[in-house]
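Each chain is listed here by its residues.
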Amino acid sequence: MELYELGLKEAANKIKNREITSVELTKALLDRIEERNGEINAYVTVDRDHALKMAEESDKRIREGNPRLIEGVPLGIKDLFCTKDVRTTACSHILDNFVPPYESTVTENLWKAGGVLLGKTNMDEFAMGSSNETSYFGPVKNPWDLTRTPGGSSGGSAAAVADYQCPVATGSDTGGSIRQPASFSGIVGIKPTYGRCSRFGMVAFASSLDQAGVFARNVEDAALMLRCMSGYDPKDSTSADRPIENYDEKLDQLEIKGMKIGLPKEYFIEGLDPTVKQIIDDAIKNFTDKGAEVVEISLPHTKYAVPAYYIVAPAEAAANLARYDGMRYGLRVEGDNLMDTYMKTRTEGFGTEVKRRIMIGNYTLSSGYYDAYYTKAQRVRALITKDFEEAFKEVDFIFTPTTPTPAFKIGGKVDDPVQMYLNDIFTVATNLAGLPGISVPAGKMDYEGANLPVGLQIIGPAFSEQNLLNAAYAHEKMTNFELLKA
Amino acid sequence: MSINSETVNKLAKLSALKLDEATTAELSHDLSNILDFISQLSEVSTDGVEPMASTVGSSVTPEREDKVTAENDRENLLKNSPKQEMGFFVVPRVVE
């Protein structure tokens, strides 16, 4: 086994027991990236010296007998978490020279737990996309099949973890941007409850929906990573003031007998590939064989989740992205006067999908349309949230496919924004309701001539991350899913 | 519903974006489709439903103490500015 194949917990243990050093592991991963990045394009910034310096500091702590939870383990960081002194671009031209003067809380927490910054991962521009094709730095390739997308917007993080270019990575999920790429890339991805992780220092897309989360090759690593990065932060007033749980230490505490699994009838719809459905049915059967009970439930406003999302998210994005004016940081393209400079800067700095969303947002927020679109979407959001509240009175978890099909081809949906948006159909509702969701590999299938992974999504009530991880862990133990070979 | 090029241009101006003719035509097509798609919401009865801006209630979003901290110094912040002089941001003339 090569060093770069180690998972988070394995690596942390080997470093702690002095079987390997952090510098050795970091070098092995940096070499792996150098070898593979030309093909996969998972990383947009790798600062070798910075990584090795952090690794040396970790090794020093180990020698002093003072290791922290994940001491010395290199991590992939989605390029929208501000990292002090290391370029952070959100994969947009408008920020491609931005070197943050401060650290995001999520990454700060990870460094305090002993993590090493390996590199910044590729993503859709400002996290707006489902295929990583809107990145200013070009699309990421799916390591299972290089003609396909690893999903988006956290495509670089997903591909890096699947391709052993880091043990774990951070992501962010506004409408499915962790769960969908995890499903497409055959790995675990968890989006916790809104507020579980601080948004401070995370480049904003849609502030009421954005939430940081994790990619890993197994549930235990996802649990450990989430434990290290989450928690209350006075700098984000929407972060939740709740104690952090030691998620990774309680994973076997699920009582399957008598547990109630909800299957929303609206999710098993046309457009859902029959083989995907079969794989999810098989996963559910593993639970019912051990005494779990299946309950058919209804989430009647499901159909309206995607349209409501595509009003709320662009509206918030239009407001958030108004800050990019070329004055204090980022790109500036000089014009004839102030307004002209604003316009030239933004026109050159933003890609097409970002422009589309800003304009849709400004349309739905403009006077005369505000109530018909924006307020209406907020009311529908309340109904969608209520659907889930009702459902969780009857069931402990909701099981669904993560996506209707496995990974699609790069270029396959890029010309039709509405088709691209529909890919989020099983994931966006949980963001609107602020609920936690996890995608965990459930099987593989032949699809358009390729053998591709399929993910099971498990959704739980707010702040049920521990239960969710336990259910995912139980699923993992009952499923023989083989990860991609290095 | 269709969004004509006049509306696209108005939206571009609101968004501080400049569009050439080809992009205007493309966006007019895309935005019309997106608008058709999101207009489905008019089917939903929302009488008596309060709009929901966030899943976090305002009662649980405390303000932090208004205390001076020294995390962002001038020199560091100015490093990212496209143009700077004598410790200030240089911006286009706004007063004639």
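For the structure itself, look to the data block above.
Residues numbered from 1 in each chain as written. Chains lettered and ligands numbered in written order. Predicted model: local features only at pLDDT ≥ 70, side-chain atom pairs only at ≥ 80, totals over all residues. Heavy atoms only, no water.

Peer 1: Tell me what's going on with the side chain of Thr479 of chain A, and back it up with residues and numbers.
Peer 2: Residues and elements named next belong to chain A. Position of Thr479 among the secondary structure elements: in the segment after α15 (465-478). Engagement of the side chain of Thr479 in a polar contact is seen with the backbone oxygen of His475, the distance being 2.7 Å. The residues touching Thr479, leaving out its near neighbours within four places in the chain, are Asn286 and Ala442. (Helix = DSSP H or I, 4+ residues; strand = E, 2+ residues; numbered from the N terminus. Polar contact = N/O pair within 3.5 Å; in protein donor to acceptor, adjacent residues only side chain to side chain. Contact = heavy atoms within 4.5 Å.)

Peer 1: A description of empty space enclosed by the protein should follow, citing residues and the corresponding values.
Peer 2: Over the atoms rolls a probe the size of a water molecule, and in doing so it shows where empty space is left. All names here are of chain A. Inspection of the entire model under this criterion finds 3 cavities of 30 Å³ or more. What the largest cavity holds in volume is close to 90 Å³. Every residue lining the largest cavity is counted, 15 residues in all, and those nearest its centre are Gly129, Ser130, Ser177, Tyr309 and Asp424. Across the lining of the largest cavity, the residue classes tally to 5 nonpolar, 8 polar and 2 charged. Estimates place the volume of the second largest cavity at around 50 Å³. Ile94, Arg323, Tyr324, Asp325, Gly326, Tyr329, Gly330 and Leu331 together form the lining of the second largest cavity. Considering only residue class, the lining of the second largest cavity consists of 4 nonpolar, 2 polar and 2 charged. (1 Å grid on protein atoms, 1.4 Å probe; cavity = no way out; pocket = protein on both sides within 12 Å on 5 of 7 lines; lining within 4 Å. Points joined across faces, edges and corners; volume = space filled by probe spheres on them. Nonpolar A, V, L, I, M, F, W, Y, C, P; charged D, E, K, R; others polar.)

Peer 1: Lay out the side chain of Asn109 of chain A with the relevant residues and their values.
Peer 2: Structurally, the position occupied by Asn109 of chain A is in helix α4 (residues 105-112). If we ignore the near neighbours within four places in the chain, the residues touching Asn109 of chain A are Cys228, Met229 and Ser230 of chain A.

Peer 1: Before we move on, can you summarise the nonpolar core with the specific residues and values?
Peer 2: All names here are of chain A. If you look at the biggest cluster of nonpolar residues, it comprises 183 residues, and the most contacted ones within it are Leu75, Leu110, Phe126, Phe287, Phe388, Phe399 and Ile458. For this core, the element with the highest residue contribution is helix α9 (residues 305-320), accounting for 11 residues. Setting aside chain neighbours within four positions, we find Leu75 in contact with Leu8, Ile70, Leu110, Trp111, Gly115, Val116, Leu117, Leu118, Gly119, Val168 and Met225. (Core = buried A, V, L, I, M, F, W, Y, C linked by side-chain atoms within 4.5 Å. Buried < 20%, exposed > 50% of the residue type's maximum accessible area, 1.4 Å probe, protein only.)

Peer 1: Give me the lowdown on the pairing of strand β3 (residues 116-121) of chain A, citing residues and values where you can.
Peer 2: All names here are of chain A. With 6 of 6 residues buried, β3 lies mostly within the body of the structure. Judged from the 2 bridges that link them, strand β1 (residues 43-45) and β3 form a sheet pairing that is antiparallel. Across the sheet, Tyr43 pairs through a bridge with Thr121, a residue of β3. In this sheet, β3 lies alongside strand β2 (residues 74-78) in parallel orientation, the contact comprising 5 bridges. Its bridge partner lying in β3, Gly76 is registered against Gly119. Read as a crossover between parallel neighbours, the route from β2 over α4 to β3 is right-handed. (Pairing = 2+ DSSP bridges. Right-handed = clockwise from strand over helix to strand, strands pointing away.)

Peer 1: Residues and numbers for helix α5 (residues 155-162) of chain A, please.
Peer 2: Residues and elements named next belong to chain A. Of all 8 residues in α5, 8 are buried, a share of seventy percent or more. Every buried residue belonging to α5 is among Gly155, Gly156, Ser157, Ala158, Ala159, Ala160, Val161 and Ala162, and all of these are buried. Tyr164, located one to two residues past α5, shows a positive phi value of around 60°.

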